[in-house]
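Residues per chain are reported as follows:
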Amino acid sequence: MSTLIYPPPTEEEKPILLEFRNRISDIILDEIESLDIHLIKWPRARNYDLDRTERMIRRSLEWRKSYDYENILSWELPLNYDIYFPYQISGYDNGGSPVIIVPVCEWDVYVRKELMEGRKELVHRFLVNLTAKVMQDVKTRSNVLDNRIISQCVIIFDLFGFNIRHLTSVSVPEVLLESFRNFERNFPETLRVAYVINAPSLFALLFPIVKKMLSAKTTSKVQLYDGNSSKWKKALLCEISESNLPIKYGGTLPDLLQKKIEAAKLVSENGGLGMSGISIDALNTVTIGAGSKLNLDYDIKDSNIKISWIFKSDAHDIGFLINHNKKEVVPKRRINSQDIVNEGSYICPGIGKCKFM
């Protein structure tokens, strides 16, 4: 069983921490981040090499600036991101650390769509926003618990539904891994434990690659479980009470995740609002036979005109591309528009003909 409370600086670490404080005296940290128990995480993450530690925290400051991290909680999420990318901060473990549940495979179709439309950075910004919510929860708990500072979190990655498709199209694992590495670099030693549950045997092919991309300290905190729910529920309940877990995971809380998953399906399949806010019911319906094409031509009479599209098919995937003045500006690709509403936009740099095919 892992340690529930993150240990404060030892006597041997205190001189190292003092020198580290002196090195970064020009950096302004908030009240919680400047506490010894938070600040010692940085030297520990770099095995007390203070040159590397200083570089790490200064790079982290640049990362925060790039995402405007101080204001990220006030960022307005893109429409429906909260249901397309479901997660649940279900409660707290027995040591007071927040518990976050992520149903990985439920993100797949939406992440693939966003990547195809060139919105990878938007997805990462959403994940930074989620990280900030968790860290805010950590700080809030630190203020309300008597004589105890909360400095870590617990993540449950549920791989239910993981199959060969996720190995051949690794959009979700790739995005989550990159986000996880950012978390590791910018919030060191903040992960207390990560439970990976419902992992099929196929995942064993991917996990060794994942381990190479993370630090040894981080991978040592990962506990991997297959689909035997009795085993992973027992592990969860050893450190998280039933009152802090949804019923599906061995607890007593309502399953808010399932409600989000069902809401996402209603949005994408039953004519709800797409990410643009346009109702699918408001669109025209056309029939395109097998092997046939639909061409839509538009005259662009000015520069920097934004053209947008939104479509969904009933039963099959379709090919899609856009030409501007006979030049392919949105490359041809097959789109699983039978699974999700497809949306996007392109800014035409000049006048001419724009053709949707």
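Residues numbered from 1 in each chain as written. Predicted model: local features only at pLDDT ≥ 70, side-chain atom pairs only at ≥ 80, totals over all residues. Heavy atoms only, no water.

Asker: I would appreciate a short explanation of the overall build of the chain in the present structure.
Answerer: Assigned secondary structure in the chain consists of 13 helices and 11 strands. Each of the 357 residues in the chain was classed as buried or not, and the buried ones make up 48%. Contacts in the chain between residues far apart in sequence, at least 24 positions, make up 75% of those at least 6 positions apart. Split by element, the accessible area of the chain, about 18500 Å² in all, is 53% carbon and sulfur. (Helix = DSSP H or I, 4+ residues; strand = E, 2+ residues; numbered from the N terminus. Buried < 20%, exposed > 50% of the residue type's maximum accessible area, 1.4 Å probe, protein only. Contact = heavy atoms within 4.5 Å. Areas by Shrake-Rupley, 256 points an atom, 1.4 Å probe, with all protein chains shown as cover.)

Asker: Can you help me understand unusual backbone geometry in this one?
Answerer: A negative phi holds for most residues other than glycine; trans holds for most peptide bonds. Positive phi, close to 60 degrees, is recorded for Glu189, a residue that is not glycine. The class for Glu189 is buried, based on a relative accessible area of 16%. Of note, Lys326 is a non-glycine position whose phi angle comes to about 70 degrees, a positive value. Within the secondary structure, Lys326 sits in the loop between strand 8 (318–324) and strand 9 (327–335). By relative accessible area, which is 83% here, Lys326 ends up exposed.

Asker: When you look at the confidence of the model for the chain in this model, what are you seeing that I'm missing?
Answerer: Fine structural detail should not be taken from predicted coordinates in areas where pLDDT scores are low. Overall, the prediction assigns the chain a mean pLDDT of 82, with 85% of residues at 70 or greater. Across residues 270–275, confidence stays below pLDDT 50; counting only partners more than four residues off in sequence or on other chains, it has 27 contacts. (pLDDT = per-residue confidence, 0-100.)

Asker: Please explain the packing of aromatic side chains as it appears in this structure.
Answerer: We describe a pair of aromatic rings using the distance from one ring centre to the other and the angle between the two ring planes. Using the criterion set out here, one finds 15 aromatic pairs in the structure. A ring pair is formed by Tyr69 and Phe187, whose centres lie 5.7 Å apart and whose planes are at 45 degrees; its orientation type is tilted. With Tyr69 in the loop between helix 4 (50–66) and helix 5 (81–84) and Phe187 in the loop between helix 9 (171–186) and strand 4 (191–197), this residue pair connects regions lying 118 residues apart in the sequence. Residue class for Tyr69 comes out buried when judged on its relative accessible area of 10%. Note on Tyr81 and Phe126: the rings are 5.7 Å apart at their centroids and 85 degrees apart in plane angle, and the pair reads as edge-to-face. Of the two residues, Tyr81 is situated in helix 5 and Phe126 in helix 7 (residues 120–144); the sequence distance between them amounts to 45 residues. The pair formed by Tyr81 and Phe126 is uniform in burial state, with each residue classed as buried. (Phe/Tyr/Trp six-rings, centres within 6.5 Å; stacked < 30°, edge-to-face > 60°.)

Asker: How should the pattern of salt bridges be read in this particular structure?
Answerer: Two side chains carrying opposite charge are able to pair once their charged atoms lie near each other. One pass over the structure, following the stated rule, counts 17 salt bridges. In this structure, Lys139 and Glu33 form a salt bridge, with 3.9 Å as the shortest nitrogen-oxygen distance. Placement of Lys139 in helix 7 and of Glu33 in the loop between helix 1 (14–23) and helix 2 (36–39) is noted, with a sequence separation of 106 residues between them. Among the salt bridges present, the one from Glu239 reaches Arg192, with a minimum N-O distance of 2.7 Å. Pair noted here: Glu239 is in helix 12 (residues 229–239) and Arg192 is in strand 4, with a separation of 47 residues, a long-range link. (Salt bridge = Lys/Arg side-chain N within 4 Å of Asp/Glu carboxyl O.)

Asker: Help me understand the pairing of strand 2 (residues 98–103), please; the structure alone is not making it clear to me.
Answerer: Looking along a regular strand, one sees the side chains alternate between the two faces of the sheet. Taking burial as the measure, the 6 residues of strand 2 include 6 buried ones, the bulk of the element. Covered by surrounding structure in strand 2 are Pro98, Ile100 and Val102 together with Val99, Ile101 and Pro103, the residues of both alternating faces. For strand 1 (residues 88–92) and strand 2, the ladder comprises 4 bridges, and the chain directions are antiparallel. Counted as the bridge partner of Gln88 is Ile101 from strand 2. Counted between consecutive antiparallel strands, the loop separating strand 1 from strand 2 contains 5 residues, among which Gly96 sits at a positive phi close to 95 degrees. In this sheet, strand 3 (residues 153–158) lies alongside strand 2 in parallel orientation, the contact comprising 5 bridges. In the strand pairing of strand 3, Ile101 is matched with Ile156. (Pairing = 2+ DSSP bridges.)

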